[in-house]
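Here is how the chains run, residue by residue.
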Amino acid sequence: MTSTSPIVEVSNLRKAYGVRTVVDEVSFSVDEGEIFGILGPNGAGKTTTVECVEGLRVPDGGRVRVAGLDPVADHAAVTQVLGAQLQESELQAKLTVREALELYAALYPNPADWRPLAERLGLTGRLNTRFGVLSGGQKQRLFIALALIGNPRVVVLDELTTGLDPRARRDTWEIVEDVRDRGVTVLLVTHFMEEAQRLCDRIALIDKGRITALDTPQGLISRTAGSTIISFTPSAPLDDADVAALPALASVENKDGRITLGGSDETVTALLSLLARHRITAHQLRVTDATLDDAFLDLTGATQ
Ligand SMILES: Nc1ncnc2c1ncn2[C@@H]1O[C@H](COP(=O)(O)OP(=O)(O)OP(=O)(O)O)[C@@H](O)[C@H]1O
């Protein structure tokens, strides 16, 4: 994060399709320079929310501001400060990478020079390649380039890495971090926990149109009961009552003699002394932090 002034402000946003409210009193603000994640299960209202921020949908209630501008009333001005990732269907298969970059640069009064942008995104060797034959990862790089070509202060990336292989996904993450390091604020819609945990400074968890939690990834994880996971195979059976009495214990699982406990640092310390007292060795002892995945399931009760 490079500063703390909000560049995107959403308060009590409401949007319905027909009689169905799909975004319900959503409020959050995004500081300039941060990567802000919107995370939630399918159909939670993530895309609708960011489309209201982009001015592509008219809210039924509430207030949205981007750099102080109303995305609907001041739409032309908002497009100068906000860059949005295109959907695949919006580019013609026959267009080359160079043509797409030139075409989109022509839409802005002060576009970025597309050549260094293409270089940074690893597209220089693909300038004469037609969009239709680019790989998924190359397409995503082009979409990021097109979203950045107007020199925006905020960029909205919606499910950027869906369909990419793990290598291409990681490359894309590095590009997003590079974009942020250059001072561009990123609003990232995703349902990949690992992506949100790695990239986002803060995350709004949306479920059924409502924000259920808003915190840093670590903050969300530490709200989870059992934010420390301890697993081990004891050299001799442990007394169930001794295990149940461990402090801050949130869960116990015994699978074929391998025990997994959800707890806290306190649980680990108490377990180690319990084992020492009974001269039991913990084979293959692993202590790990819970992941955002665990927090997500705990905080939304969602099934992915
Ligand atoms: N144009 C529309 N008309 C009617 N219903 C819509 C429209 N667009 C979205 N919806 C519905 O609104 C709800 C929220 O959709 P939205 O695309 O915002 O969710 P999402 O969280 O982005 O989901 P996903 O992760 O599946 O992309 C869904 O139930 C969806 O079917």
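Since this is a predicted model, take the numbers as computed values, not measurements.

Thresholds applied
- Residues numbered from 1 in each chain as written.
- Predicted model: local features only at pLDDT ≥ 70, side-chain atom pairs only at ≥ 80, totals over all residues.
- Heavy atoms only, no water.
- Pairing = 2+ DSSP bridges.
- Helix = DSSP H or I, 4+ residues; strand = E, 2+ residues; numbered from the N terminus.
- Axes fitted to C-alpha atoms, helices over the stretch in contact; angles between N-to-C directions.
- Contact = heavy atoms within 4.5 Å.
- Parallel < 35°, antiparallel > 145°, perpendicular 65-115°, else oblique.
- Left-handed = near helix turned anticlockwise from the far one by under 90°.
- Nonpolar A, V, L, I, M, F, W, Y, C, P; charged D, E, K, R; others polar.
- Phe/Tyr/Trp six-rings, centres within 6.5 Å; stacked < 30°, edge-to-face > 60°.
- Buried < 20%, exposed > 50% of the residue type's maximum accessible area, 1.4 Å probe, protein only.
- Lys NZ or Arg CZ within 6 Å of the ring centre and 35° of its normal.
- Near = heavy atom within 4 Å.
- Polar contact = N/O pair within 3.5 Å; in protein donor to acceptor, adjacent residues only side chain to side chain.
- Areas by Shrake-Rupley, 256 points an atom, 1.4 Å probe, with all protein chains shown as cover.
- Core = buried A, V, L, I, M, F, W, Y, C linked by side-chain atoms within 4.5 Å.
- Domains from an automatic or database assignment.
- Buried area = accessible area lost by both parts, 1.4 Å probe.

(A) Main features of the sheet that holds strand β10 (residues 228-234). One open sheet accounts for four strands, arranged β11-β12-β10-β13; its pairing is antiparallel. In the strand order of this sheet, the two ends are held by β11 (251-255) and β13 (282-289), each with one partner. Each strand axis lies, on average, 15 degrees off the axis of its neighbour in the sheet, ignoring direction. Across five bridges, the pairing between β11 and strand β12 (residues 258-263) is antiparallel. By the bridge assignment, Glu 253 is partnered in β12 with Thr 260. Docked against the sheet, helix α10 (residues 265-277) engages β10, β12 and β13, running at close to 15 degrees with respect to β10.

(B) Spotlight on the packing of helix α5 (residues 136-148) against helix α6 (residues 166-181). One way to put it is that α5 packs onto α6 with a least axis distance of 10 Å and a crossing angle of 15 degrees. What the angle tells us is that α5 and α6 run roughly parallel. Handedness of the crossing formed by α5 with α6: right-handed. Of the residues in α6, those touching α5 at Gly 137, Arg 141, Ile 144 and Leu 148 are Ala 168, Asp 171, Thr 172, Ile 175 and Val 179. Here the residues of the contact of α5 with α6 are counted per class, giving five nonpolar, two polar and two charged.

(C) Expanded view of the packing of aromatic side chains. Scanning all chains against the criterion turns up two aromatic pairs. Consider the rings of Phe 28 and Phe 36, whose centres lie 5.1 Å apart with planes at 15 degrees: the pair is stacked. When sorted by exposure, Phe 28 lands in the same class as Phe 36, which is buried. Aromatic side chains Phe 131 and Phe 143 sit 5.7 Å apart centroid to centroid with 55 degrees between the ring planes, which places their arrangement in the tilted category. Pair noted here: Phe 131 is in the loop between α4 (114-120) and α5 and Phe 143 is in helix α5, with a separation of 12 residues, a long-range link. Comparing Phe 131 with Phe 143 shows no difference in burial state: the two are buried. The positively charged end of Arg 115 is found above the aromatic ring belonging to Trp 114, 4.4 Å away from the centroid.

(D) Looking closely at the packing of helix α3 (residues 97-105) against α5. Interaxial distance between α3 and α5 falls to 9 Å at its minimum, and their mutual angle equals 20 degrees. With respect to their mutual orientation, α3 and α5 come out roughly parallel. The hand of the α3/α5 crossing is right-handed. In this structure, α3 uses Val 97, Ala 100, Leu 101 and Tyr 104 to contact α5, whose residues at the interface are Leu 142, Ala 145 and Leu 146. Taken together, the residues of the contact of α3 with α5 sort by class into seven nonpolar, no polar and no charged.

(E) Just the environment of Ile 206, in detail. With respect to the secondary-structure elements, Ile 206 resides in strand β8 (residues 202-207). Each C-alpha atom of the pair Ile 206 and Lys 46 lies 7.0 Å from the other, and the pair is 160 residues apart in sequence.

(F) Looking closely at the site of the ligand. For the ligand, the set of nearby residues contains 14 residues, the closest of which are Arg 20, Gly 43, Lys 46, Thr 47 and Thr 48. Between the ligand and Lys 46, the relevant distance is 2.7 Å, taken from an oxygen atom to a side-chain nitrogen or oxygen of the residue. Separating an oxygen atom of the ligand from a side-chain N or O atom of Glu 159 is a distance of 3.4 Å. Surface burial for the ligand is 64%, taken as the share of its 630 Å² of free accessible area covered by protein chains. Sorting the residues of the shell around the ligand by element identifies β2 (20-31) and α1 (46-54) as the ones contributing at least two each. Considering every element that reaches the shell around the ligand, the biggest residue donor is α1, with three residues. Considered class by class, the residues forming the shell around the ligand number four nonpolar, six polar and four charged.

(G) Region of interest: the nonpolar core. By size, the foremost hydrophobic cluster in this structure holds 50 residues, and its most contacted members are Leu 91, Leu 101, Leu 142 and Leu 292. The leading source of residues in this core is α5, at seven residues. There are two domains that each give this core at least three residues, and those are domain 1 (6-215) and domain 2 (223-300). Not counting chain neighbours up to four residues away, the residues in contact with Leu 91 comprise Leu 86, Tyr 104, Phe 131, Leu 142, Phe 143 and Leu 146. Ile 7, Val 26, Phe 28 and Ile 206 belong to the second-largest nonpolar core, a separate cluster that totals 26 residues.

(H) Main features of the domain arrangement of the protein chain. As assigned here, the protein chain comprises domain 1 (6-215) and domain 2 (223-300). The centre of domain 1, based on its C-alpha atoms, is set 40 Å off from the matching centre of domain 2. Facing the 13 residues of domain 1 at the interface are seven residues of domain 2. Between domain 1 and domain 2 lies a buried interface of about 840 Å² when both sides are counted; carbon and sulfur atoms form 69% of it. When the area that domain 1 buries against domain 2 is broken down by residue, the three leading residues are Met 193, Gln 197 and Leu 205, summing to 50%.

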